[in-house]
Number of protein chains: 2
Amino acid sequence: MGADLGGSNLRVALLDAEHRVVCRWRCAVKELAVEGVREALHRGVRAVAGSEAIQGVGVGVPGLVEPSTGTVRVAPNLVGLSGVALGPDLERDLGVPVRVENDVNAIAVGEWARGAGRGARAVLVITLGTGVGGGLILDGSLYRGPDGSAGEVGHMPLYPQGPRCACGARGCLEMYASATAVVRAAQERGVPAEGGALSVACAARSGHRAAREVLARAGRALGVAAAGLVNLLNLERIVVGGGLAGAWDLLEPHARRELERRAFSAPLERFRWVPWQLGDDAGVVGASILARESLAP
Amino acid sequence: MGADLGGSNLRVALLDAEHRVVCRWRCAVKELAVEGVREALHRGVRAVAGSEAIQGVGVGVPGLVEPSTGTVRVAPNLVGLSGVALGPDLERDLGVPVRVENDVNAIAVGEWARGAGRGARAVLVITLGTGVGGGLILDGSLYRGPDGSAGEVGHMPLYPQGPRCACGARGCLEMYASATAVVRAAQERGVPAEGGALSVACAARSGHRAAREVLARAGRALGVAAAGLVNLLNLERIVVGGGLAGAWDLLEPHARRELERRAFSAPLERFRWVPWQLGDDAGVVGASILARESLAP
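Thresholds applied
Every chain is numbered on its own, with residues counted from 1 as its sequence reads. Each chain is given a letter, starting from A, and each ligand a number, starting from 1, according to the order in which they appear as written. Owing to the predicted nature of the model, reporting of local features is limited to residues with pLDDT of at least 70; listing and counting of side-chain atom pairs is limited to 80 or more, with chain, interface and lining totals taken over all residues. Think of it this way: any DSSP run of H or I at least four residues long counts as a helix, any run of E at least two long counts as a strand, and we number them from the N terminus. For the radius of gyration, the atoms used are the C-alpha atoms, and the globule rule reads 2.2 Å times the number of residues raised to 0.38. Buried, partly exposed and exposed are defined by the number of other C-beta atoms within 10 Å of a residue's own C-beta, namely 20 or more, between the two limits, and 12 or fewer respectively, with C-beta atoms placed from the backbone. Residue pairs are scored as contacts if the distance between their C-beta atoms, which are placed from the backbone, is within 7 Å. The span one expects for a helix is its residue count, reduced by one, times 1.5 Å. We define the nonpolar core as any set of buried residues of the types Ala, Val, Leu, Ile, Met, Phe, Trp, Tyr and Cys, connected via C-beta atoms lying within 7 Å of each other. A pair of strands is treated as paired once DSSP finds two or more bridges between them. Fitted lines through C-alpha atoms serve as axes, helices being fitted only where they are in contact, and the angles separating the N-to-C directions of these axes extend from 0 to 180 degrees. Residues reaching a pLDDT of at least 70 in both copies supply the C-alpha atoms on which the copies are superposed by least squares. Classification convention: Asp, Glu, Lys, Arg as charged; Ala, Val, Leu, Ile, Met, Phe, Trp, Tyr, Cys, Pro as nonpolar; all other residues, Gly among them, as polar. Domain segmentation is taken from an automatic or database assignment of domains. In what follows, roughly perpendicular refers to angles from 65 to 115 degrees, roughly parallel to angles under 35, roughly antiparallel to angles over 145, and oblique to any angle outside these ranges. In this scheme the crossing of two helices becomes right-handed for a clockwise turn of the near helix relative to the far one and left-handed for an anticlockwise turn of less than a right angle. A residue's pLDDT is the predictor's confidence in that residue, given on a scale from 0 to 100.

**Student:** Outline the overall build of chain A, listing residues and values.
**Tutor:** A count of helical and extended segments in chain A gives 10 helices and 12 strands. The C-alpha radius of gyration of chain A comes to 19 Å, within 12% of the 19 Å expected for a compact globule of 297 residues. Structurally, chain A occupies a C-alpha span of about 55 × 40 × 35 Å along its principal axes. The 297 residues of chain A split such that 57% are buried. Sequence separation of 24 or more characterises 63% of the internal contacts of chain A that already satisfy a separation of 6 or more.

**Student:** Residue-level account of helix α7 (residues 209–233) of chain B, with values.
**Tutor:** Residue and element names in this part refer to chain B. Across its 25 residues, α7 extends 35 Å between first and last C-alpha, which sits within 8% of the 36 Å expected from 1.5 Å per residue. Within α7, 19 of the 25 residues are buried, which leaves it mostly tucked inside the rest of the structure. Remark: N234 follows α7 within two positions and exhibits a positive phi of approximately 50°.

**Student:** Break down unusual backbone geometry for me, citing the residues and quoting the values.
**Tutor:** Positioned with a positive phi, D139 of chain A is a non-glycine residue whose angle comes to about 50°. Structurally, D139 of chain A can be placed in the loop between β9 (132–138) and β10 (141–143). You will see that H19 of chain B, though not glycine, has its phi angle at about 60°, which is positive. Mapped onto the fold, H19 of chain B is located in the loop between β2 (9–15) and β3 (21–28).

**Student:** I'd like a description of the nonpolar core, backed by residues and values.
**Tutor:** The tendency in soluble globular proteins is for nonpolar side chains to be buried as a group. Ranked by size, the top nonpolar core spans 221 residues in total, and within it V182, V200 and L215 of chain A together with V182, V200 and L215 of chain B carry the most contacts. When neighbours within four sequence positions are excluded, L215 of chain B is seen to be in contact with V182, V200, A201, A204, A247, L250 and L251 of chain B.

**Student:** Please give an account of the sheet that holds strand β9 (residues 132–138) of chain B that cites residues and values.
**Tutor:** All names here are of chain B. One open sheet holds the 5 strands; their spatial order is β10-β9-β8-β11-β12, and the pairing between them is mixed. Either end of the sheet is taken by a strand with one partner, and the two such strands are β10 (141–143) and β12 (272–275). Adjacent strand axes in the sheet meet at a mean angle of 25° when their direction is disregarded. The sheet contact formed by strand β8 (residues 123–128) and β9 spans 6 bridges and is antiparallel. Within β9, the position partnered with V123 by the bridge is I137.

**Student:** Tell me what's going on with the sheet that holds β9 of chain A, and back it up with residues and numbers.
**Tutor:** All names here are of chain A. Spatial ordering of the open sheet is given by β10-β9-β8-β11-β12, a layout of 5 strands whose pairing is mixed. Strand pairing shows two members of the sheet lacking a second neighbour, β10 and β12 (272–275), which therefore form its edges. Averaged over neighbouring strand pairs, the angle between their axes works out to 25° when direction is ignored. Across the sheet, helix α3 (residues 103–114) touches β8 (123–128), β9, β10 and β11 (237–241), and the angle it forms with β9 is around 50°.

**Student:** Let's hear about the relation of the copies chain B and chain A: which residues, and what values?
**Tutor:** Mapping chain B onto chain A calls for a screw motion: a turn of 180° about the axis and a shift of 0.0 Å along it, with 0.0 Å RMSD after fitting. The relationship between the two copies is best expressed as a two-fold rotation axis. In terms of C-alpha distance to the rotation axis, chain B has Y159 of chain B as its closest residue, with the C-alpha 3.1 Å off the axis.

**Student:** Could you give an account of the interface of chain B and chain A, naming the residues involved and the relevant values?
**Tutor:** Taken together, the contact between chain B and chain A spans 36 residues of the former and 36 residues of the latter. Among the elements of the structure, β6 (71–74), α7, α8 (248–262) and α9 (265–270) of chain B are those that each provide at least two residues to the side of chain B that touches chain A. Looking at which element gives the most residues to the side of chain B that touches chain A, the answer is α7 of chain B, with 6 residues. Within the side of chain B that touches chain A, the residues separate by chemical class into 20 nonpolar, 7 polar and 9 charged.

**Student:** So what's going on with the environment of D103 of chain B? Which residues, and what values?
**Tutor:** Residue and element names in this part refer to chain B. Along the chain, D103 falls in helix α3 (residues 103–114). Note on D103: 27 C-beta atoms within 10 Å, which makes it buried. For the pair formed by D103 and V65, sequence separation is 38 residues and the distance between their alpha carbons is 9.5 Å. For D103, the residues in contact, after removing those within four places along its chain, are D4, L5, G6, G60, V61, P62 and G283.

**Student:** Lay out the environment of C27 of chain A with the relevant residues and their values.
**Tutor:** Residue and element names in this part refer to chain A. Its location among the elements puts C27 in strand β3 (residues 21–28). The exposure class of C27 is partly exposed, given the 14 C-beta atoms found within 10 Å. Placed 225 residues apart in sequence, C27 and E252 show a C-alpha to C-alpha distance of 32 Å. Discounting chain neighbours no more than four positions away, the residues touching C27 are L10, A40 and G44.

**Student:** Just give me the short version of the domain arrangement of chain A, but keep the residues and values in it.
**Tutor:** As a measure of interface size, the accessible area lost when the parts come together is often cited. Residues and elements named next belong to chain A. When the domains of chain A are assigned, the result is domain 1 (2–106 + 280–295) and domain 2 (119–276). On a C-alpha basis, the centroid separation for the pair domain 1 and domain 2 is 26 Å. Every contact between the two is made by 9 residues of domain 1 and, on the other side, 12 residues of domain 2. At the level of secondary structure, the elements contributing two or more residues to the side of domain 1 that touches domain 2 comprise β5 (64–66) and α3. Here the element with the most residues in the side of domain 1 that touches domain 2 is β5; it accounts for 3 residues.

**Student:** Can you break down the packing of helix α1 (residues 34–49) of chain A against helix α2 (residues 86–94) of chain A residue by residue, with the values?
**Tutor:** The axes of two packed helices give the description: the angle between them and the distance between them. Residue and element names in this part refer to chain A. Taken N-terminus to C-terminus, the directions of α1 and α2 make an angle of 45°; their axes are 10 Å apart at the nearest point. Between α1 and α2, the angle falls in the class oblique. Seen along the crossing, α1 lies across α2 with a hand that is right-handed. Counting all contacts with α1, which are made through R38, L41, H42 and V45, the residues of α2 involved are D89, L90, D93 and L94.

**Student:** Just give me the short version of the environment of L138 of chain A, but keep the residues and values in it.
**Tutor:** Relative to the helices and strands, L138 of chain A resides in strand β9. A sequence separation of 72 residues divides L138 of chain A from E66 of chain A, and the C-alpha atoms of the two residues are 19 Å apart. Once you skip the residues sitting within four places of it in the chain, L138 of chain A turns out to touch A122, Y143 and L233 of chain A together with L138 and Y143 of chain B.

**Student:** Account for the confidence of the model for chain A, with residues named and values stated.
**Tutor:** The pLDDT averaged across chain A works out to 94; a share of 99% of its residues lies at or above 70. Complex prediction metrics read pTM 0.95 and ipTM 0.94.

This is the structure:
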């Protein structure tokens with residue numbers, strides 16, 4: 001079973017032995033305390049399990065996680081979760097083994113194993129949503145780093161003297177390429193953005209010039225960041241997910257142009273941009289794969 | 001045996017079973033054609049071998065290498081070397097197994113195994129010389145990427161609208177933090193730089209204000225780049241080598257300040273900047289270790 005605890009939704013899914021989703025469940029978790037999250041997870045697991053015998057649950061959470069202990073070290077968007085030994089707590093609640101992992105790492109594993117990253121050995125999965133998240137597959141496995149904090153691509157300094165980011169630094173990629181940044185830039189230019197980033201995409205598709213420029217700017221920012229990363233990591237693919245993935249066709253030409261101007265030809269030969277394939281299922285699929293891996297005898 | 005083919009020097013060394021240098025040899029290779037390089041290597045190997053029985057030779061070359069075949073794909077600073085099957089050629093010349101690897105990858109392995117990176121599992125070794133080179137140790141081994149081109153940190157876009165770099169892109173890290181960039185910036189500000197980047201350091205140490213500012217700018221550039229990389233890769237160490245390493249004490253405070261302003265606290269807790277320890281021996285030590293690894297039965 002896989003679960004994906006986002007900033008606003010909890011998704012739980014039952015998966016078969018090939019990690020295909022058999023049954024889905026979802027509920028809003030905004031402003032829930034830890035007990036509420038645990039209770040919701042319990043409810044979701046019971047709802048999708050039905051009479052199936054569950055072998056284990058993988059849970060993706062938006063924060064820094066120690067997978068060996070299942071402890072959440074920091075979770076900026078779910079404040080009550082910081083410091084909580086979520087793995088052991090959930091194992092008591094659910095009566096089955098639980099693996100806790102960072103949510104974007106889970107998405108990355110899902111897309112790499114079953115989606116747009118399949119067959120590649122060096123993949124960055126980048127999610128363009130409220131923020132910009134990332135997960136790295138290197139040499140054919142999830143790269144976590146010594147503290148499990150690797151993959152944080154949203155706060156690469158893109159324009160070091162740029163506007164101040166919520167993280168305290170200046171000009172982070174997230175300030176240009178998140179759905180939030182697109183909406184903010186659209187509003188500043190009088191583009192209708194009440195429906196979020198995808199309504200900006202909608203305006204762009206119907207020819208709204210400022211809307212097109214807002215998305216082009218996000219695309220260029222991704223292309224500049226990608227150039228550094230393709231050179232550094234010899235990436236084969238960047239899989240673009242999250243809310244803005246639905247506008248990827250509008251961002252891609254600009255991302256591609258910046259990348260091709262800036263990266264070396266040797267790694268570029270092999271490189272491809274691809275939108276995610278599993279969409280909102282990526283997290284639960286990846287969490288389930290990670291659970292299977294770490295719980296295998 | 002290890003060899004390090006730089007843009008201007010070829011170094012060859014005999015090493016004992018613990019990869020300590022027993023004997024060194026060096027000659028200038030500037031503007032040599034491939035035959036000249038092969039001949040020089042042959043001479044160097046005979047010179048340091050004496051009557052010892054050589055088990056194999058590792059060779060670091062400044063370019064993109066396919067270690068499986070020993071072919072040099074691209075070598076911008078040793079033009080005649082591009083496309084040459086250097087490994088097989090040298091095996092014929094020398095009569096022993098030869099492993100060819102990118103020069104900065106060899107330096108990275110040397111510093112990680114026997115120098116300033118010892119004991120860490122996620123290390124970037126960065127060389128500040130004519131250009132800025134890099135080699136990555138991730139999860140405790142050399143990360144090469146699918147084409148062997150990984151580690152190229154010198155052309156990360158640092159100021160995307162900055163001055164044009166020789167690579168065709170704009171504002172690459174190399175434009176700010178290489179020894180060449182320091183000398184150029186010093187000359188523009190009337191700082192004596194005839195003796196190269198270390199004479200700028202000398203002027204800075206004797207209180208020359210513009211010289212201090214030139215080195216501070218290089219340090220800040222490194223700090224900004226490092227922030228993105230520490231967040232992304234959860235690096236434990238950056239080992240600073242190359243000609244500018246001798247001025248690291250002058251760069252470090254500025255690099256550290258930018259990094260601490262910009263990177264997340266979780267990976268920062270573990271992170272350390274360190275100057276290289278093996279210096280000009282790093283390449284031959286690493287090449288010898290890589291040769292031993294790939295030639296082991």
